[in-house]
Amino acid sequence: MSDTALPVSLDRDSLVPLAVQLADALRAAAGDGHLRGGDRLPSTRALANRLGVSRTVTSAAYEQLHAEGWIAGRHGSGTYVTTTPPADRPSKGPAPGTPTTPPTLVDLTPGVPWADGVERAAWRRAWRAAADPRPTYREDRAGLPAYRDAVSEHLLRHRGLAAGTVLATGGTTAAVIELAGSLLSRGDRVAIEEPGYQRAVQAFRRAGMEVVPVPVDEEGLRPDAVPADVRAVYCSPAHQYPLGSRMSASRRVELVELARAEGMLVIEDDYDGELRFDVAPLPLLAALAPDVVAHLGTTSKILTPALGAGWMVAPSPVAAAVLEYREATGTRPSPAGQRVLAELARHGDLGRHLRKLRRELSERRSLVSAALTSAGIPVLGDDAGAHLVVPCGSAADEAARMTAAERAGIRLDGLARHFAGTPTVFGNLIGYAGCSREALHSALKPLIPVLV
């Protein structure tokens, strides 16, 4: 069977990567009927020769389309289109007289994972394996051994941390609540980045702590602005949320020295720590100072918050206090999500997903950043994570953008709500992980006039 002719042209002067252009063109051809279910595609080598590009470009495009389900490989036969063109699909339109509903907003808010990228077969296999063990009456308040082993291997491989004591948690916010309940007392002062993660702010406040906002700039949290009388410092050094900066090496050392001198606990939220696109993931504070740092991680952004699974790596006295707190309160993280992650790690699916996730989000960031900057719109944030920031001059401008975007069918976030005190910096957060690639493409055209 001969290969199908492909309606593909690539623009080498475009800011959009060639692999993204190729994947978009093939996806569009499959969607509009130029390519039909069962059509065979050229090999990556043949297509690269035909288009005059490297095989890396065609391989990356095929990998993306395979992950999305547009194409599939048949052993010894080649690569085939798996979709059916719209004309052959049964109509799903409403019956005459059916009330219409407003179109769904394209959600470009941050903090939403690329859950559609999780391999379905691996996901089902992990859940089946997780349901296999018999119910047990024994409670392991530290977390399942297989899960803690998987986390230890993950941290060593992807974050360069040779973890000591690993505890399972229900996620970052759940871990903050446990640290507040086990180590701190009502009235204690806790320093938190400003702007910063407001769920952590509320967790400390509801536990009776006084939250002390500490300013953040392009080098991350400012240790020189941390008061000496705080009991703990909460920060996100790998990819500051929400501004997207990373803490410089000099500030990391300064913060650790301050913590040791003043007896503070540094709570390291490794927000988007696995998701760097320009360089390897940055070393953890917990690797620099395991005696004063409690490291917090979660599966919420790399997989899905549905697992309710996270981890804590902490000094032995801190871990012991958390376990005592769990014993006294009868709480523990759910084992279901732990079993799923352990199975994903055991089969190598977690590592494969992380590689695919980094590639996908890197391409999406390049796409959004190029579209905005080519329109003269400035963007802030390191080449990492799943969102970027478009600054503006006032709270009114920020709110006006969000209102205009919603009218255009797009949901945005603003910086003002991420302040524990009075906002001093304004802008809008553009997330690019929580919707499909097609929706992201379609949202950029109406979004640019809103942000200019």
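Residues numbered from 1 in each chain as written. Predicted model: local features only at pLDDT ≥ 70, side-chain atom pairs only at ≥ 80, totals over all residues. Heavy atoms only, no water.

Concerning the environment of Gly-297
For the record, the criterion: In DSSP terms, a helix is any run of H or I states spanning at least four residues, a strand is any run of E spanning at least two, and both are numbered starting from the N terminus. Contacts between residues were defined by any pair of non-hydrogen atoms, one from each residue, lying within 4.5 Å.
By secondary structure assignment, the location of Gly-297 is in strand E11 (residues 293-298). A C-alpha to C-alpha distance of 6.5 Å links Gly-297 and Met-312, two positions 15 residues apart in sequence. In this structure Gly-297 touches Thr-169, Thr-172, Gly-310 and Trp-311, once residues within four positions along its chain are discounted.

A short note on unusual backbone geometry
Cis rather than trans, the peptide bond between Glu-194 and Pro-195 has omega equal to 0 degrees. Among the structural elements, Pro-195 can be located in the loop between strand E6 (189-194) and helix H7 (198-206). The step from Tyr-241 to Pro-242 runs through a cis peptide bond, and the omega angle for that step is 15 degrees. Residue placement: Pro-242 occurs in the loop between strand E9 (232-235) and helix H8 (249-262). At Asp-272, a residue that is not glycine, the phi angle is positive and equals roughly 55 degrees.

Things to note about the nonpolar core
Applied cut-off: Only buried residues count toward a nonpolar core. Its members are Ala, Val, Leu, Ile, Met, Phe, Trp, Tyr and Cys residues joined through side-chain atoms within 4.5 Å. Categorising residues by exposure relies on relative accessible area from a 1.4 Å probe, with only protein chains included: less than 20% of the type maximum marks a residue as buried, more than 50% marks it as exposed, and the intermediate range marks it as partly exposed. All the domain ranges listed were derived from an automatic or database domain assignment.
Leu-108, Val-226 and Ile-430 are the most contacted members of the largest nonpolar core, which totals 72 residues. Inspection of this core shows a minimum of three residues originating in each of domain 2 (106-112 + 352-451) and domain 3 (119-349). When near neighbours in sequence (up to four residues on either side) are disregarded, Val-226 contacts Ala-191, Val-214, Leu-221, Val-233, Leu-258 and Met-264. Val-201, Ala-203, Met-312 and Val-322 belong to the second-largest nonpolar core, a separate cluster that totals 26 residues.

Points about the side chain of Glu-274
We apply this condition: Under the convention used here, Asp and Glu are negative, Lys and Arg are positive, and both His and the chain ends fall outside the count. For salt bridges, the criterion is a side-chain nitrogen of Lys or Arg within 4 Å of an Asp or Glu carboxyl oxygen. Polar contact criterion, stated in full: a pair of N or O atoms within 3.5 Å, where within protein one must be able to donate a hydrogen and the other to accept it, and residues adjacent in sequence count only if both atoms are side-chain atoms.
Tracing the backbone through its elements, the reader meets Glu-274 in the loop between strand E10 (265-269) and helix H9 (285-288). With no salt bridge to any partner, buried Glu-274 finds its closest opposite charge in Arg-159, at an N-O distance of 5.4 Å. In this structure the side chain of Glu-274 is engaged in a polar contact, spanning 3.1 Å, whose partner is the side chain of His-154.

What about the environment of Arg-231?
Mapped onto the elements, Arg-231 comes out in the loop between strand E8 (220-221) and E9. With relative accessibility at 35%, the residue Arg-231 sits in the partly exposed group. On a C-alpha basis, the gap between Arg-231 and Asp-188 in space is 6.5 Å, while along the polypeptide they are 43 residues apart. Excluding residues within four positions of it along the chain, Arg-231 makes contact with Leu-183, Leu-184, Asp-188, Arg-189, Gly-263, Met-264 and Leu-265. A distance of 3.2 Å separates a polar atom in the side chain of Arg-231 from the backbone oxygen of Leu-183.

Side note on H7
Among the residues making up H7, those that are buried are Gln-198, Ala-200, Val-201, Ala-203 and Phe-204. Of the surrounding elements, those touching the buried residues of H7 are helix H6 (172-183), E6, strand E7 (210-217), E9 and E10. After H7 finishes, the residue Gly-208 shows a positive phi value of roughly 95 degrees.

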